[in-house]
Amino acid sequence: MEEKKRNEAYNNYVKAKIPKTRPWPSLFNSFLVGGIICTIGQGINDLIMLWFPNLAEQTAWGYTLVILVFIASFLTGIGVYDKIGKFAGGGSIVPITGFSNSITSPAIEFKHEGIIYGICVKMFTIAGPVIVAGIVSSIIVGLVYLFI
Amino acid sequence: MYYLWVFLIGGLVCMLGQVLIIYTNITSARILVTFVLIGVLLEAFGIFDPISEFAKAGINVPIIGFGASLAKGAIGAVRARGIVGAFTGGLEATAGGIAAAVLFAFIFALIFKSKTKS
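Residues numbered from 1 in each chain as written. Chains lettered and ligands numbered in written order. Predicted model: local features only at pLDDT ≥ 70, side-chain atom pairs only at ≥ 80, totals over all residues.

Considering the overall build of chain B
Moving on, step 1. Counting secondary structure elements, chain B contains 6 helices and 0 strands.
Moving on, step 2. When the helices and strands of chain B are listed from N to C terminus, the series reads α-α-α-α-α-α.
Moving on, step 3. Considered along the principal axes of its C-alpha atoms, chain B spans approximately 55 × 35 × 35 Å.
Moving on, step 4. Residue pairs at least 24 apart in sequence account for 61% of intrachain contacts in chain B once pairs closer than 6 positions are excluded. (Helix = DSSP H or I, 4+ residues; strand = E, 2+ residues; numbered from the N terminus. Contact = placed C-beta atoms within 7 Å.)

Below, the structure written as structure tokens:
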């Protein structure tokens, strides 16, 4: 009985402490920031195509994504991406820059646990499931296409 | 002019992520997994390319594009090399992004200190 009461009190406490995001401003912010990140990506891609017109479209996209990943990783390192993330929510998670951030951020945070068990292990806490899901589902799709 | 489409569609896709956060309280790992799977499905059903045609970076920069290239790579390799392609194609197509993310994360983790504690 005592325990039940205590759990209830604790749950209420947690509920009160969870930061509440007001839906409408956060939706607008995520739209704005997500749109801007994608537009920057398009700008980088167009610049690459302009400077290297002989490049295949697929290759140009490869460079674009690597550059975006680099920028996001650097911004995470100097602590700017977290600030963008607080403002943008989903707008900074869904683009490929969010994927990059999700790898760099824990790598830096757990650096003090050492290079192997800190950086190398922890960098996959979020990216790991993403890569696993991607690999498994793409293999399934490939096998399905084998038979149709 | 297509920059407007890039902005609008990219913004909408990212807003969808925010909608998921607000109404289901899911974590960022689940969001990324969800969107990668969406990308794989879109490519598998052949819907991704028509969208990509006019949305360009608006659909390729979100992690949906990552999922789509995984599936595209797997499908292409299966057609070219048979069953082994299902295993090699996906990662081959996305290796650049993954390798870059891991390399930069490693380098910057060595250089920078955690900002949250200070």
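On we go from here.
Here's the deal with the interface of chain B and chain A
Moving on, step 1. At the interface, 64 residues of chain B touch 62 residues of chain A.
Moving on, step 2. Of all the secondary structure elements, the ones that give two or more residues to the side of chain B that touches chain A are α1 (2-24), α2 (28-44), α4 (57-60), α5 (63-81) and α6 (83-111) of chain B.
Moving on, step 3. Here the side of chain B that touches chain A takes 19 residues from α6 of chain B, the largest share from any one element.
Moving on, step 4. Residue classes in the side of chain B that touches chain A are distributed as 47 nonpolar, 15 polar and 2 charged. (Nonpolar A, V, L, I, M, F, W, Y, C, P; charged D, E, K, R; others polar.)

Here's the deal with the environment of A71 of chain B
Moving on, step 1. Note on placement: A71 of chain B falls in helix α5.
Moving on, step 2. Along the chain, A71 of chain B and A109 of chain B lie 38 residues apart, while their C-alpha atoms are 31 Å from each other.
Moving on, step 3. Aside from chain neighbours lying at most four places away, what touches A71 of chain B is S138 and V141 of chain A together with V40, E43 and A44 of chain B.

Considering the confidence of the model for chain B
Moving on, step 1. Per-residue pLDDT for chain B has a mean of 93; in total, 97% of the residues score no lower than 70.
Moving on, step 2. The ipTM assigned to the predicted complex is 0.93, against a pTM of 0.89. (pLDDT = per-residue confidence, 0-100.)

Overview of unusual backbone geometry
All names here are of chain B.
Moving on, step 1. One non-glycine residue with positive phi stands out, namely N25, at about 60 degrees.
Moving on, step 2. Within the fold, N25 resides in the loop between α1 and α2.
Moving on, step 3. Under the C-beta neighbour-count criterion, N25 is labelled exposed, with 9 such atoms within 10 Å.
Moving on, step 4. Its identity as a non-glycine residue notwithstanding, K56 has a phi of 40 degrees, on the positive side.
Moving on, step 5. On the secondary structure map, K56 appears in the loop between α3 (48-55) and α4. (Buried ≥ 20, exposed ≤ 12 C-beta atoms within 10 Å, placed from the backbone.)

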